[in-house]
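Fold and geometry: a report
Here is how the chains run, residue by residue.
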Amino acid sequence: MPAQRASRSPRLRRGVSEHRLRPYELLGGLGGAFFVATQGITVGTIGVALFIVAFTAGQSSSSLLVDHFGWSPSGRHGIAAPRVVAAALAVVAVVLAAGERLVDNADALLAAYALLAFVAGTLQAIQQALNGRVAAVGGSWATTWNNFVVGTAGLLVFFMVSLLSDGDLDPLPQTWWLYLGGLCGIGFIWIATWTVRIHGVLVLGLCMIAGQVVTAELIDVLGEDSHVGTVGVLAGALTLVGVVLALRVRRDATPIKAD
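The structure reproduced in this document is the subject of the present report. As the structure is a prediction and not an experimental result, all values here were calculated from the model. (Residues numbered from 1 in each chain as written. Predicted model: local features only at pLDDT ≥ 70, side-chain atom pairs only at ≥ 80, totals over all residues. Heavy atoms only, no water.)

1. What about the packing of helix α5 (residues 108-138) against helix α7 (residues 181-199)?
Keep this limit in mind: Only the stretch in contact is used when fitting a helix axis, every axis being a line fitted to C-alpha atoms; angles between N-to-C directions are given from 0 to 180 degrees. Helix and strand definitions here come from DSSP, where helices need a minimum of 4 consecutive H or I residues and strands a minimum of 2 consecutive E residues; each element is numbered from the N-terminal end. To sort the angles, those under 35 degrees are grouped as roughly parallel, those over 145 as roughly antiparallel, those from 65 to 115 as roughly perpendicular, and the leftovers as oblique. Throughout, a contact is declared for two residues whenever any of their heavy atoms are within 4.5 Å. Residues are grouped as follows: Ala, Val, Leu, Ile, Met, Phe, Trp, Tyr, Cys and Pro are nonpolar; Asp, Glu, Lys and Arg are charged; every other residue, Gly included, is polar.
It is the contact of α5 with α7, at a shortest axis distance of 8 Å, that shows an interaxial angle of 80 degrees. Our classification of the angle between α5 and α7 gives roughly perpendicular. Counting all contacts with α5, which are made through Q124, Q127, Q128, N131, G132, A135 and A136, the residues of α7 involved are F188, I189, A192, T193, V196 and R197. Its residues assigned to classes, the contact of α5 with α7 shows six nonpolar, six polar and one charged.

Quick look at the structure:
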């Protein structure tokens, strides 16, 4: 197994040299870096709820286009009515789940930050398509490693630029388990590189949204101050309906075969 994993990175280099991979397809991790940076910049102003709504809108709409043009390795998925409805249900579900936590007051800065979140969602869909194409050549583990190297490099550049502005650096948190999030990210990227090659970007994105909404509701239920009501249950159900609708539409092209 170690020898097999070690051979994956040379396969990426060989894929580029043999023109089976374009160099820009290795830059999908920058989409994740943009998401992390945007979240840190905007959430303090617009709140988590509005950020997630704008992000979901960008991710769902762009996933339709990414699949329509066949950018993911699963082949071309035309823009059919059930897929459009599925994407819309995802946005509606997130709005319902956010509920009263959405920000009431609107101004130019809030709109600009919401637009950044929308762009982050758009880039997330493109990232999954690129990662899937890379995985078709080099495998999931090499893609995961490449994704984190590129994303970390992008965040380091952003951090260096941020030092040019005024402000103080907050100390790192001391709670050790907060740093386990990176392991969740590794697992997510690895699973996503497999899923996107089978079902495309839209279904992957809808499954992500469904998992986030349902898990958030479960956390609220298990918490001491549970406030999950009919609207929360409806939101979770809508995301699952969206996944089923998108899965019922067959693709129009043959997927890219992995090496």
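2. Examining the environment of F69
Relative to the helices and strands, F69 is located in the loop between α3 (29-68) and α4 (81-98). Sequence separation of F69 and I79 is 10 residues, and the distance between their C-alpha atoms is 9.5 Å.

3. A short note on the packing of aromatic side chains
Quick note on the threshold: Stacked, tilted and edge-to-face are the three classes assigned to paired rings of Phe, Tyr and Trp, where Trp is represented by its six-membered ring and a pair needs centres within 6.5 Å; plane angles under 30 degrees give stacked, over 60 edge-to-face, the rest tilted. Burial classes: relative accessible area under 20% of the type maximum marks a residue as buried, over 50% as exposed, and values in between as partly exposed (1.4 Å probe, protein chains only). We call a charge positioned over a ring when the NZ of a Lys or the CZ of an Arg lies within 6 Å of the ring centre and within 35 degrees of the ring normal.
In total, this model carries six aromatic pairs according to the counting rule given. Ring plane angle 45 degrees and centroid distance 5.9 Å describe the contact between F35 and F51, whose orientation is recorded as tilted. Judged by its relative accessible area of 22%, F35 is partly exposed. Given a relative accessible area of 0%, F51 falls into the buried group. A network of ring pairs unites the aromatic residues F35, F51 and F55 as a single cluster. In this structure, R197 is placed above the aromatic ring of W194, and the distance from its NZ or CZ to the ring centre is 4.6 Å.

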